[in-house]
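# Fold and geometry: a report
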Amino acid sequence: MKLTSLLAMILLAAGINSAVAQDLVLAVNEGVTYQDGGPASERYKPLLQLLSKELKQNVKLQTVDKYSVFEKGLAEGKFDLAFVHPAHVGLLAVKKNGYEGLVTAKGFTDYRARVLVANASPMKTMQDLRGKKIGVPSVESITTVMFTANLRELQFPQPEKMMTATRYQDAVPFMIDNGFVDAGVTGSAAVAKAWIAKGGRILAETKPIPIKQFIVSKKLSESDREKVKTLLLNLSENEAGRNALSKISMTGFVPWNVQVMDEATTRLGL
């Protein structure tokens with residue numbers, strides 16, 4: 001065999017191996033209205049190791065803070081896997097962008113937006129919010145998206161014009177206490193509990209939607225998608241998995257409920 005032919009074969013084999021060994025990308029967005037517990041690169045390392053071992057291919061992390069960038073990346077199929085806090089972003093990717101919903105986080109399947117008012121407020125129902133100023137988390141947060149969808153169901157005209165946004169959920173009660181708004185919206189059970197404890201009221205709640213979804217591109221084989229799903233569902237059953245969960249402040253995952261998710265997609269107008 002000629003040297004040039006041998007060299008060509010070696011280069012071709014190297015190219016094939018390089019393509020096979022290309023890293024998979026796990027994109028993560030943990031929401032815009034909560035503060036995290038440290039660098040994601042460290043917190044997700046144990047989970048990345050487990051995924052890489054299961055798929056026999058290196059999985060690297062890409063954190064994406066801006067929802068618009070996250071949506072664009074999913075629409076363009078840039079991410080192989082994604083862990084999505086904002087339900088509307090994940091649901092849209094599953095509906096339109098070639099992703100499969102695998103699991104959702106335990107403890108976050110009943111996420112709902114709660115409307116807070118002062119105890120002395122004359123408002124009794126959601127309809128009483130007409131013409132009022134309402135404090136909300138970031139306008140693009142799932143909490144505000146859920147609340148806005150609810151107001152549209154009640155035929156509120158241009159509900160966004162009623163809203164004053166703040167960066168973090170725990171700032172919403174401050175806005176009510178200081179008269180900046182007539183009511184406030186939170187998706188945090190802790191914030192709502194603290195509000196009630198200090199004498200406030202919950203005016204209403206939206207219907208629940210599961211958040212913190214794990215989705216995967218259908219570009220991965222059905223076999224690999226099933227491996228990821230099984231791995232995630234079984235994390236709480238072994239020490240390495242429990243360690244990976246604790247690092248990202250999760251307790252485990254439950255299977256994707258197609259009926260519930262389809263209903264949520266319709267309700268949010270996606």
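Everything below is about the structure shown above.
Attention in this report is confined to the structure presented alongside it. (Residues numbered from 1 in each chain as written. Predicted model: local features only at pLDDT ≥ 70, side-chain atom pairs only at ≥ 80, totals over all residues. Heavy atoms only, no water.)

This part covers the pattern of salt bridges. Summed over all chains, the structure comprises 11 salt bridges. A salt bridge links Arg 112 to Glu 205; the nearest nitrogen and oxygen atoms lie 3.2 Å apart. Of this pair, Arg 112 sits in the loop between strand S4 (99-105) and strand S5 (114-117) while Glu 205 is found in strand S9 (residues 201-205), placing the two residues 93 residues apart along the sequence. With a relative accessible area of 39%, Glu 205 lands in the partly exposed category. A single network of salt bridges, built from pairs that share partners, joins Asp 110, Arg 112, Arg 114 and Glu 205. (Salt bridge = Lys/Arg side-chain N within 4 Å of Asp/Glu carboxyl O. Helix = DSSP H or I, 4+ residues; strand = E, 2+ residues; numbered from the N terminus. Buried < 20%, exposed > 50% of the residue type's maximum accessible area, 1.4 Å probe, protein only.)

Moving on: the side chain of Ser 236. Structurally, Ser 236 can be placed in the loop between helix H9 (222-233) and helix H10 (239-247). Accessibility expressed as a relative area gives 17% for Ser 236, which makes it buried. Here the side chain of Ser 236 touches Glu 237 through a polar contact of 3.5 Å, side chain to side chain. (Polar contact = N/O pair within 3.5 Å; in protein donor to acceptor, adjacent residues only side chain to side chain.)

Another point: the packing of aromatic side chains. Following the criterion strictly, the structure yields five aromatic pairs and no others. For the ring pair Phe 174 and Phe 180, a centre distance of 6.0 Å and an interplane angle of 50° mean the geometry is tilted. Each member of the aromatic cluster is reached from another via a ring pair, and the members are Phe 83, Phe 214 and Phe 253. Seen from the ring of Phe 156, Arg 130 lies directly overhead, with NZ or CZ sitting 4.1 Å from the centre. Note that Lys 212 overlies the ring of Phe 108, its terminal NZ or CZ placed 5.2 Å from the centroid. (Phe/Tyr/Trp six-rings, centres within 6.5 Å; stacked < 30°, edge-to-face > 60°. Lys NZ or Arg CZ within 6 Å of the ring centre and 35° of its normal.)

Of all seven residues making up S4, six are buried, and the element is well covered by its neighbours. Sheet analysis places S4 next to strand S10 (residues 213-217), joined by five bridges and oriented antiparallel. Among the inter-strand pairings, Gly 101 is bridged to a residue of S10, identified as Ile 215. In the sheet, S4 pairs with strand S11 (residues 253-255) via three bridges, with the strands oriented antiparallel. Paired with Thr 104 across the strands is Val 254, a residue of S11. (Pairing = 2+ DSSP bridges.)

Spatial relationships are all this shows, so hold off on functional conclusions.
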